[in-house]
Every structure is written in C-alpha cells, then in structure tokens.
Amino acid sequence: MKFVKMQGAGNDYVYVDCFKEKVNNPGEVAIKVSDRHFGVGSDGLILICPSDIADVKMDMYNADGSRGLMCGNGSRCVAKYAYDHGYVKSEEFTMETGAGIKHIKIEPKNKKAEYINVNMGRAKITSQFPEKILINGEEKEFIGVDVGNPHAVYYVDTLEELQNMDLNKVGEYYEKHERFPQKVNSEFIYVEDRKNIHMRVWERGSGETLACGTGACASAFATMKKGDCDTLVRVHLLGGELDISLVDDEIYMRGRAEYVFTGEINF
C-alpha cells in the first residue's frame, strides 16, 4: 500500500490515495500504521476518496481503529492533496465527511495549496453553560460543544498550569467518563487575551495529540460564547497555530497543511 504522511499543526495522519489504491479493513490498517514503534507512526489513517455527492471524500480512522466523523486538520490535508494532485480543479470546492459536506477555499502559492480555509459549519452547545462534573474525585467545569463530533472544553487559570498537566495520567478519565457514553474529545484552555488562546487536547481513540482542528473550533466557539475572546481568535497548539473565526454563526478554520514523506507498507 502506497501512502503519504501529512501533518496539520502537528496532527499527523497516514493518508492513502483511494483514487488509485484500495484499502481493505481500514480499521485494522489504522491500528497498524499508527503504531509509532512498529508501524509508520501517526494519529490515525485517512483515506482520500472519490465522492458521489462532493468533489472529494475524507474517510478517517483513529489510532485505535475506530471510525471518526470529522478531523479539522485532516480535512486541510485532504484538501491540499486533492488540490495539488489535480483531483479538484477550483480553489473552492466541497468535501464529503462523516459530519456532512464541508466547503473548502484554497489560498495557493506557486500553484500549490499554502493556506486552507474550511467552513466547519455551525457548532452547538451540548451541556449546561458550564456544567459541573466529577473527574477522578475532583470537581471540574466544562462546556460541551458539538462540531460534527463531541468535545468537552475545560479552562485553566494560567499557562503554567496548562503546560504542567499530566494528560497521559488523567486523560482517559476525561475521555471515558460516564457522562460521555460515546467517549469525548477533551480540550484544556488558557485564555491569554481576546485574540489568543492556548490549547492542549486529549482525543478520543488517540490520546494526547499535538493538535486537533475540531477541538480548536470547539474551544474557540465556547470561549466566544463566554465573551472571553473576539470572533477571530488564534489558537496556539503544541504543534502550531490555527485561526478560528465565527461569521454568521458558522465557524471557519484557517491553517497550513504539509507533506512529511511518502512510502509503501506491506500487509
């Protein structure tokens, strides 16, 4: 199987061009390729596919083999690949995802996609505002946000507190809490000022990752609704930065996507 490794803000996936390749049992393949010691190493597997209802389709799988509905950073990578390889002919096109059709706008440079803008659609609050929850014996507050997939946004008081969180120790308590029967993506946020927020994320099925595009959108949306930031905010993640804006109640995500390497793997 031929593949390309790509990353958006450090959120890395193995991508397969299913205009040319066929992947059987993608959940099993995702587990193998995601292994950072015995596989390629990634946050999961994403298939770039033809679509009957859009210009291109993204089919994603988490590192544990579970199927995901939407990946913001992944959608930018799929968009870049499809544009750079001529599968889409316009700088504006549509992408089929498990969370519906997404509208893409490319900012090209030298005939390649440099910045990718994704209309992530409307978000909705799915909890009390905020809601109290008991995590590993400690009371916490979160704001639930749906951006095509479920998120729980938590706030900390200082950047140092955010940096010192041991997510490898406590992350699963958040992900697998009984409040979230389908598990949940958990974002931890420090608000620097009205234009900048800092984020770490524990993704369901993958653990802590360097970035999460839908998580950045959920966190920005929750912070905007709290009145603690502007409707255009930069989200600083471990792997890079994303610009999130809210226009007419729709969320837009802007950022880069980059190739890492190509290769082949046998099954």
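Residues numbered from 1 in each chain as written. Predicted model: local features only at pLDDT ≥ 70, side-chain atom pairs only at ≥ 80, totals over all residues. Heavy atoms only, no water.

**Q** How do you make sense of helix H4 (residues 167-175) when you look at a structure like this?
**A** Helical periodicity: at 3.6 residues per turn, an α-helix aligns residues three or four positions apart in one direction. When H4 is considered as a whole, its buried residues turn out to be Leu167, Gly171, Tyr174 and Glu175. Mapping the buried residues of H4 onto a view down its axis gives an arc of 90 degrees, with all of them on the same face. Summarising the contacts, the buried residues of H4 are in contact with strand S10 (131-135), strand S11 (138-146), strand S12 (150-155), strand S13 (185-193), strand S14 (196-203) and strand S15 (207-209). (Buried < 20%, exposed > 50% of the residue type's maximum accessible area, 1.4 Å probe, protein only. Helix = DSSP H or I, 4+ residues; strand = E, 2+ residues; numbered from the N terminus. Arc of directions from axis to C-beta. Contact = heavy atoms within 4.5 Å.)

**Q** Would you take a moment to explain the layout of surface pockets for this structure?
**A** Rolled over the atoms, a probe as big as a water molecule pinpoints where empty space is left. Approximately 290 Å³ is the volume found for the largest pocket. Forming the walls of the largest pocket are 16 residues, and the residues nearest its centre are Lys140, Glu141, Tyr154, Tyr155 and Val156. Looking at the lining of the largest pocket, the elements that each hand over two or more residues are S11 and S12. Broken down by element, the residue count for the lining of the largest pocket peaks at 4 residues, all from S11. (1 Å grid on protein atoms, 1.4 Å probe; cavity = no way out; pocket = protein on both sides within 12 Å on 5 of 7 lines; lining within 4 Å. Points joined across faces, edges and corners; volume = space filled by probe spheres on them.)

**Q** What am I meant to see in empty space enclosed by the protein here?
**A** Counted by the stated rule, this structure contains 1 cavity of 30 Å³ or more. There is about 110 Å³ of room inside the largest cavity. At the level of secondary structure, the elements contributing two or more residues to the lining of the largest cavity comprise strand S2 (11-17) and strand S4 (56-62).

**Q** What exactly am I supposed to notice about the nonpolar core here?
**A** Among the nonpolar cores identified, the biggest contains 55 residues, and Tyr15, Val145, Val235 and Ile244 are the most heavily contacted of them. The leading source of residues in this core is helix H5 (residues 213-226), at 7 residues. Residues from two domains meet in this core; each of domain 1 (2-119 + 254-264) and domain 2 (124-252) gives at least three. If sequence neighbours within four positions are ignored, isoleucine 244 has contacts with Ala216, Cys217, Ala220, Met224, Thr231, Leu232, Val233, Val235, Ile251, Tyr252 and Met253. (Core = buried A, V, L, I, M, F, W, Y, C linked by side-chain atoms within 4.5 Å. Domains from an automatic or database assignment.)

**Q** Explanation requested: the UniProt feature "active site" (unreviewed entry) in the protein chain in the structure shown.
**A** Per the UniProt record, "active site" (unreviewed entry) is annotated on Cys71 and Cys212. Spatially, the listed residues are clustered: although they cover 142 residues, their C-alpha atoms lie within 7.3 Å of one another. In this structure, the largest cavity is lined, among the annotated residues mentioned, by Cys71 and Cys212. Here cysteine 71 is to be found in the loop between strand S5 (67-68) and helix H2 (72-84). Its location among the elements puts cysteine 212 in the loop between S15 and H5. Relative accessible area serves as the criterion here: at 3%, cysteine 212 is assigned to the buried category. The residues contacting cysteine 212, other than those within four sequence positions of it, are Asn11, Asn73, His151, Glu187, Met199, Val201, Glu203 and Leu237. (UniProt positions renumbered as here; feature names shortened; annotations may be inferred.)

**Q** Explanation requested: the domain arrangement of the protein chain in the structure shown.
**A** By convention, interface size is frequently given as the accessible area that disappears when the constituent parts associate. What the domain assignment lists for the protein chain is domain 1 (2-119 + 254-264) and domain 2 (124-252). Measuring from the centre of the C-alpha atoms in domain 1 to the corresponding centre in domain 2 gives 23 Å. Broken down residue by residue, the surface that domain 1 buries against domain 2 is led by Ala9, Asn119 and Arg254, which jointly contribute 35%. There are 1 salt bridge connecting domain 1 and domain 2. (Buried area = accessible area lost by both parts, 1.4 Å probe. Salt bridge = Lys/Arg side-chain N within 4 Å of Asp/Glu carboxyl O.)

**Q** Even after reading the chapter, I still don't get the packing of aromatic side chains, so can you show me in this structure?
**A** Geometry of an aromatic ring pair is reported as the spacing of the ring centres plus the angle between the planes. Scanning the entire structure with this criterion turns up 9 aromatic pairs. Judged by centre distance (4.9 Å) and plane angle (85 degrees), the ring pair of tyrosine 174 and phenylalanine 188 falls under edge-to-face. Placement of tyrosine 174 in helix H4 and of phenylalanine 188 in strand S13 is noted, with a sequence separation of 14 residues between them. Members of the aromatic cluster, connected to one another through ring pairs, are Phe142, Tyr154, Tyr174, Phe180 and Phe188. Looking at lysine 226, its charged tip hangs above the ring of tyrosine 155, at a distance of 3.9 Å from the centre. The ring of tyrosine 115 is capped by arginine 254, whose NZ or CZ atom sits 3.9 Å from the centre of that ring. (Phe/Tyr/Trp six-rings, centres within 6.5 Å; stacked < 30°, edge-to-face > 60°. Lys NZ or Arg CZ within 6 Å of the ring centre and 35° of its normal.)

**Q** Help me understand the UniProt feature "binding site: substrate" (unreviewed entry) in the protein chain, please; the structure alone is not making it clear to me.
**A** UniProt tags Asn11, Asn62, Gly72, Asn73, Asn149, Asn185, Glu203, Arg204, Gly213 and Thr214 as "binding site: substrate" (unreviewed entry). Put simply, the named residues that line the largest cavity are Asn11, Asn62, Asn149, Asn185, Glu203, Arg204 and Thr214. As for its placement among the helices and strands, asparagine 62 is situated in strand S4. Overall, the relative accessible area of 8% leaves asparagine 62 in the buried class. Once you skip the residues sitting within four places of it in the chain, asparagine 62 turns out to touch Ala30, Asp43, Gly44, Arg67, Gly68, Arg204, Gly205 and Ser206. As for its position among the elements, asparagine 185 is in strand S13.

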